[in-house]
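If you want the building blocks of each chain, they are given just below.
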Amino acid sequence: MRKLLSYSIVLFVLTIILLLIIPLPAALVDVAIIINMSLSMMILIITMTIREPLEFSIFPSLLLVTTLFRLGINVSTTRNILTNSGSSGQVIQSFGDFVLRGNVVVGLIIYMIIVLMQFIVITKGAERVSEVAARFTLDAMPGKQMAIDADLNSGLINEQQAKDRREKIQREADFYGSMDGATKIVKGDSIMSLITTAINLIGGSIIGIVQSGDTIGNVLSTYSIATVGDGLVGQIPSLLISVATGMIVTRAVSEGSLNEDISKQFMAQPVAIMISGVVVAVLAVIPGMPVLQLLIISVGLIAGGYFLSRRLQAEPALATSGAFGPAGGTSLRNFSADQDMEPMPGDEAGGPKQVSEEEYYKDVNNVYTLLSVEAIEMEFGYSLIPMVDESVGGRLINRIIIFRRQYAQDMGFVIPSIRLRDSSGLNTNQYCIKIKGEEVAKGEILIDYYLALEPENPEKEIDGIETIEPAYGIPSRWIKPEDRELAEIYGYTVIDPLSVLVTHLSEVVKQHAHELITRQEVIHLIENIRKTSPELVEEAFPNLIPYSLFQKILTSLLKEGVPIKDMVTIIESVLETISETGFPVKDVDGLIENIRTALKRTITRLYCEDGTMKVITLDSELERTMVGCLSKGERGYYLALNPDVLQSLIGQITTQLKKFNSFSQSPVILTSQVMRVHFYRLIDQFYPNIRVLSFNEISNNVQIQSIGSLTLEGKERKGA
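Here is what the cut-offs are and how they apply
- Residues numbered from 1 in each chain as written.
- Predicted model: local features only at pLDDT ≥ 70, side-chain atom pairs only at ≥ 80, totals over all residues.
- Heavy atoms only, no water.
- Helix = DSSP H or I, 4+ residues; strand = E, 2+ residues; numbered from the N terminus.
- Buried < 20%, exposed > 50% of the residue type's maximum accessible area, 1.4 Å probe, protein only.
- Contact = heavy atoms within 4.5 Å.
- Areas by Shrake-Rupley, 256 points an atom, 1.4 Å probe, with all protein chains shown as cover.
- Core = buried A, V, L, I, M, F, W, Y, C linked by side-chain atoms within 4.5 Å.
- Phe/Tyr/Trp six-rings, centres within 6.5 Å; stacked < 30°, edge-to-face > 60°.
- Pairing = 2+ DSSP bridges.
- Axes fitted to C-alpha atoms, helices over the stretch in contact; angles between N-to-C directions.
- pLDDT = per-residue confidence, 0-100.

Caption draft 1: Local environment of the overall build of the protein chain. Broken down by element type, the protein chain carries 28 helices and 16 strands. Counting every position in the protein chain, which comprises 720 residues, the buried fraction comes to 44%. Put simply, of all contacts in the protein chain between residues at least 6 apart along the chain, 75% involve residues at least 24 apart. Roughly 37300 Å² of accessible area belongs to the protein chain as shown, and the carbon and sulfur atoms make up 58% of that amount.

Here's what the structure looks like:
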């Protein structure tokens with residue numbers, strides 16, 4: 001029985017198909033009509049109560065099933081009307097009598113109005129909205145993927161959440177694509193309804209006059225009642241489904257159910273409600289207008305708007321301002337991401353007594369505090385201070401803490417404290433990021449705007465201030481908050497100012513993480529491993545693995561984006577290489593390649609999507625040529641390519657990288673283990689974000705998909 005229930009939908013569809021073939025008695029037709037109406041009403045209510053379209057993702061398929069069901073009923077009712085002298089059950093008879101009220105012309109006109117209203121207004125509008133939503137959703141996919149990557153990189157979400165959001169984006173694109181086609185079914189159903197009505201009326205009248213010999217008046221009366229009744233019982237469910245279709249494709253920017261959204265958004269505009277009440281009251285002065293009804297509605301609107309405004313005023317206001325001194329002053333202290341404060345020259349630990357800056361630096365020990373260099377610093381213009389200062393609701397420090405925690409979990413390296421301070425040397429909306437005291441990146445934030453990332457082919461341009469997204473260099477626009485929903489409809493990816501800032505910071509920190517791993521941090525990491533693997537650490541450090549060598553290994557891995565979280569595997573791989581080649585280690589590059597091979601599962605996970613890794617490969621002839629170009633220097637081998645070959649190679653890489661724009665995976669070039677490190681060093685100066693992997697670093701259970709190849713082209717082949 002349970003197995004039979006699992007195939008209930010299949011049996012239902014098969015039953016619908018039988019409706020097209022097997023004649024049904026009028027009683028069963030009545031049951032089918034009632035089920036059709038109930039199902040349509042249920043679907044409409046569901047579309048109005050869901051919070052987002054994907055909660056009802058079966059709607060496109062359900063639309064097809066309900067349309068087929070309705071067509072099956074139409075065939076059965078048409079067969080009964082034409083063969084049973086206009087009789088096809090009590091439901092159709094009741095609808096026909098109720099609408100016609102003895103007047104055939106009025107009944108047909110009302111029926112035609114309902115049909116045309118559905119066909120021209122609702123169905124046509126839903127079809128257009130579905131088409132636009134499908135196109136915008138597909139155009140916005142790359143931008144949304146980049147936004148997910150940015151949130152993942154900044155530590156706002158973990159890998160599982162990122163995977164879920166990517167799947168949701170894919171399902172969303174599939175859903176709107178299906179809806180684009182499903183609306184064509186609704187349109188065809190409306191056309192078919194008109195054709196069926198014409199067949200019932202004309203065909204029934206001919207049959208009635210020819211076969212029964214009754215008068216034309218009686219025949220038209222009989223078949224018009226049946227035709228209008230049949231049309232209504234088919235058109236009402238069809239109208240409900242059309243409304244549901246329009247409802248679900250226009251819910252793209254809703255935050256709750258339709259009832260919640262309407263209540264919240266209408267109640268937030270009491271002034272508009274009161275103005276509407278005043279306008280309605282003014283209409284009462286027009287001669288002939290129903291004064292009583294107008295005044296009742298007017299008083300209701302004005303009173304409702306007044307009470308809503310009182311209610312909004314009674315709610316506690318959020319503090320949105322703070323007291324700060326002039327830009328560049330010492331009013332903003334130097335916060336760190338550990339939420340500590342750096343003492344200012346005028347502060348004393350013993351009490352609130354203030355001293356001048358000159359007096360403070362008279363003590364030579366205080367001068368030494370100026371010699372320290374912060375690992376990471378961020379400086380802000382005056383307008384950006386509220387994003388930092390927690391006393392006025394700034395959330396930057398919390399976001400940095402989240403990013404640091406996520407980065408430590410992913411990469412196995414704890415980012416040092418990030419010093420945050422205001423600066424008089426920057427414009428009010430600017431910020432800069434420094435690594436070890438030197439500026440490495442700069443950006444500009446409009447704190448009262450949103451950043452809209454432009455899709456590849458926007459349907460329409462949104463008004464805004466043109467700019468470039470600082471982290472990834474994407475053309476963007478600063479838009480007003482009220483234009484956010486419109487920008488998302490046009491396919492733009494909209495990001496708030498704080499996320500723009502955190503994303504830029506996280507990308508800069510990742511690019512320079514290898515510069516931040518000091519000898520002290522290496523020792524700290526080793527001592528952390530000692531807690532769980534004391535024997536391994538005792539064997540390795542410092543006799544077999546000097547701290548300087550281990551720092552160089554970790555620096556090299558971090559520079560190429562390889563996590564160092566599995567420290568035990570890294571240490572064991574170094575010890576294994578030493579046991580094979582002897583001590584001290586002479587070939588550091590070979591040692592690092594062995595470590596990368598030991599970490600191949602970790603490396604594969606970073607660039608594998610659904611069991612497939614998309615890569616750019618090297619032509620065998622090109623690789624042989626590069627092997628022949630290896631030269632030995634003071635620090636080992638390096639790749640000395642002919643300038644023409646190098647220029648051709650860089651041009652090919654630029655072309656091939658464009659293929660990765662439609663993928664969420666980072667660009668990967670696949671080489672042999674012998675050439676990997678040399679090829680990486682060659683292109684790192686041109687493309688620092690490209691990952692170069694060898695075949696030995698990829699797990700056996702991963703399918704490698706080559707989407708391009710680098711070759712030794714004609715002229716360069718001869719020159720090489």
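Caption draft 2: Local environment of the nonpolar core. If you look at the biggest cluster of nonpolar residues, it comprises 75 residues, and the most contacted ones within it are I545, F550, I553, I570 and I571. Among the elements that line this core, the one with the most residues is helix α17 (residues 497-511), at 7 residues. Setting aside chain neighbours within four positions, we find I545 in contact with A540, F550, I571, V574, L575 and I578. L646, I653, Y680 and L682 belong to the second-largest nonpolar core, a separate cluster that totals 26 residues.

Caption draft 3: Structural detail: the packing of aromatic side chains. Summed over the entire model, instances satisfying the criterion amount to 4 aromatic pairs. Each ring, one from F541 and one from Y547, has its centre 5.8 Å from the other, and the planes form 5°; the classification is stacked. Chaining the aromatic ring pairs together yields one cluster made of F541, Y547 and F550.

Caption draft 4: Representation of the sheet that holds strand β14 (residues 668-671) within the structure. Taken together, 4 strands build an open sheet; the order of strands is β15-β14-β11-β16 and the sheet is parallel. At either margin of the open sheet sits one strand with a lone partner, and together these are β15 (691-694) and β16 (703-710). Ignoring which end each strand starts from, the neighbouring axes of this sheet average 40° apart. Where strand β11 (residues 612-618) and β16 come together, 7 bridges link them in parallel fashion. Considered in β16, the bridge of I616 is made with G708.

Caption draft 5: Up close: the confidence of the model for the protein chain. When pLDDT is averaged across the protein chain, the result is 78; 78% of the residues are at 70 or more. Mean pLDDT across the secondary structure elements of the protein chain bottoms out at strand β2 (residues 341-342), with 40, and peaks at strand β5 (residues 430-435), with 94. Taken together, the stretch residues 316-344 has pLDDT below 50 and engages in 60 contacts with residues farther than four places along the chain or on a different chain.

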